[in-house]
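# Structural features, examined
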Amino acid sequence: MNSNVKTHYTTADGSSTLLSAQYGAHYHSLHGAVSESMHIFVEAGLMALGQKQVTILEVGFGTGLNAALTAQRGREVGVDVVYHTLELHPLSKEEYMLLNYSQQLPAQAAALWLSACDAPWGEDFTVEDGFTIRKINEDFTQWQPTVQYNLVYFDAFAPDDQPEMWGAEQFQKIFDAMAAGGVLVTYSVKGTVKRTLRDVGFELERLQGPPGKKHMLRAYKR
Ligand SMILES: C[S@@+](CC[C@H](N)C(=O)[O-])C[C@H]1O[C@@H](n2cnc3c(N)ncnc32)[C@H](O)[C@@H]1O
């Protein structure tokens, strides 16, 4: 467990986030954790893909917020989700209970969040009908995919904080593990990230970013 994560902050939309002392980085935008997660991952990812059955890979489970909001939206629109998520430093219960999502999220989403956080590591766990999660406690840079993904939530800490997560070898591994027509979404629009994604074969689309951020990226495997 990562005892380096201690400090929690309230972001501009009222939802909280954590600061990783180890990486010197926040888990979400201070302009709004829930707003960012909804905009980049749920709306520009899950909803834009428009499929009724989706297998998602998330890089960085973190606080479980993306997972919970995805489960909630999937339930609302009738999308079945299989959610695989990698995390090298799982938060302890004490740490994730510092977050205010139980109060900030609608009751159903709050229950999904707690259930996803409490889910065991290393096995498939049905959070509810239509949403199964596999939390993988491994180093993304060493991990090898074994299934195909339709949608990738690339939510590592920023390239300046953790360059090893954003290299060509890592994006190639993801590209190869994606189904044709698959989509990757991320908040970073850094030049080197765009070049690397293009080099491994993705087609890029720059979209409007969440509050406080001009742009985000959506990448397609055609
Ligand atoms: C921006 S946060 C993810 C936020 C998360 N998606 C959420 O909804 O709260 C990045 C996460 O990547 C994790 N991480 C850092 N290095 C990693 C690695 N090598 N492999 C897997 N996860 C890693 C961090 O511990 C952190 O939880």
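A brief report on the enclosed structure follows. (Residues numbered from 1 in each chain as written. Predicted model: local features only at pLDDT ≥ 70, side-chain atom pairs only at ≥ 80, totals over all residues.)

## Quick look at the packing of helix 2 (residues 65-77) against helix 5 (residues 107-118)
For the record, the criterion: Where helices are involved, their axes are fitted lines through C-alpha atoms of the stretch in contact, as for all axes, and angles between N-to-C directions lie from 0 to 180°. Labels follow the DSSP assignment, with helices taken as runs of H or I lasting at least four residues and strands as runs of E lasting at least two, numbered in each case from the N terminus. In what follows, roughly perpendicular refers to angles from 65 to 115 degrees, roughly parallel to angles under 35, roughly antiparallel to angles over 145, and oblique to any angle outside these ranges. Handedness of a helix crossing follows the sense of rotation of the near helix relative to the far helix, less than a right angle counterclockwise being left-handed and clockwise being right-handed. Residue pairs are scored as contacts if the distance between their C-beta atoms, which are placed from the backbone, is within 7 Å. Any residue outside Ala, Val, Leu, Ile, Met, Phe, Trp, Tyr, Cys, Pro, Asp, Glu, Lys and Arg is labelled polar, Gly included; the first ten of those are nonpolar and the last four are charged.
Axis separation between helix 2 and helix 5 bottoms out at 8 Å; the angle between their running directions is 130°. Considering their axes alone, helix 2 and helix 5 lie oblique with respect to each other. In this structure, helix 2 meets helix 5 at a crossing whose hand is right-handed. Where helix 2 approaches helix 5, its residues Ala 67, Ala 68, Leu 69, Ala 71 and Gln 72 are matched on the opposing element by Gln 108, Ala 109, Leu 112, Trp 113 and Ala 116. Looking at the contact of helix 2 with helix 5, its residues break down into eight nonpolar, two polar and no charged.

## Observations regarding the nonpolar core
We apply this condition: One nonpolar core equals one set of buried Ala, Val, Leu, Ile, Met, Phe, Trp, Tyr and Cys residues connected by C-beta atoms within 7 Å. Partly exposed residues are those whose C-beta has more than 12 but fewer than 20 other C-beta atoms within 10 Å; with 20 or more the residue is buried, with 12 or fewer it is exposed, and the C-beta atoms are placed from the backbone.
By size, the foremost hydrophobic cluster in this structure holds 57 residues, and its most contacted members are Ala 68, Ala 116, Val 152 and Val 185. At eight residues, the largest contribution of residues to this core is made by helix 1 (residues 33-49). In contact with Ala 68, not counting residues within four places along its chain, are Leu 105, Ala 109, Leu 112, Trp 113 and Ala 116.

## Side note on the sheet that holds strand 11 (residues 215-220)
Applied cut-off: At least two DSSP bridges between two strands are needed for those strands to be called paired.
Within the open sheet, the eight strands sit side by side as 6-7-5-4-8-9-11-10. Their pairing is mixed. Among the strands making up the open sheet, the edge pair consists of strand 6 (124-128) and strand 10 (203-208). Averaged over all adjacent pairs, the angle separating strand axes in this sheet is 20°, with direction ignored. In the packing of helix 1 onto the sheet, the strands contacted are strand 4 (53-59), strand 8 (149-154), strand 9 (178-186), strand 10 and strand 11, and the crossing angle to strand 9 comes to about 160°.

## Focus on the packing of helix 1 against helix 2
A pair of packed helices is characterised by two quantities: the angle between their axes and the separation of those axes. Where helix 1 contacts helix 2, the axes come no closer than 10 Å and their chain directions differ by 55°. By the angle between their axes, helix 1 is oblique relative to helix 2. Here helix 1 runs over helix 2; the crossing is right-handed. Where helix 1 abuts helix 2, its residues Ala 33, Val 34, Ser 37, Met 38, Phe 41, Val 42 and Leu 46 lie against Leu 65, Asn 66, Leu 69, Thr 70, Arg 73 and Gly 74. The residue makeup of the contact of helix 1 with helix 2, split by class, is eight nonpolar, four polar and one charged.

## A closer look at the pairing of strand 4
Spelled out, the test is: By convention, orient the strands away from the viewer: a clockwise path from the first strand over the helix to the second makes the crossover right-handed.
The buried count for strand 4 comes to six of seven residues, which makes it a mostly enclosed element. In this structure, strand 4 lies alongside strand 5 (residues 80-86), joined through seven bridges in parallel fashion. Bridging from a neighbouring strand, Gln 53 pairs with Asp 80 of strand 5. Read as a crossover between parallel neighbours, the route from strand 4 over helix 2 to strand 5 is right-handed. Sheet topology note: the strand 4/strand 8 ladder contains four bridges and is parallel.

## Re the pairing of strand 6
In this sheet, strand 7 (residues 131-136) lies alongside strand 6 in antiparallel orientation, the contact comprising four bridges. Its bridge partner being in strand 7, Asp 124 is matched across the sheet by Arg 134. The hairpin formed by strand 6 and strand 7 contains two residues between the paired strands, and Gly 130 there has a positive phi angle of roughly 90°.

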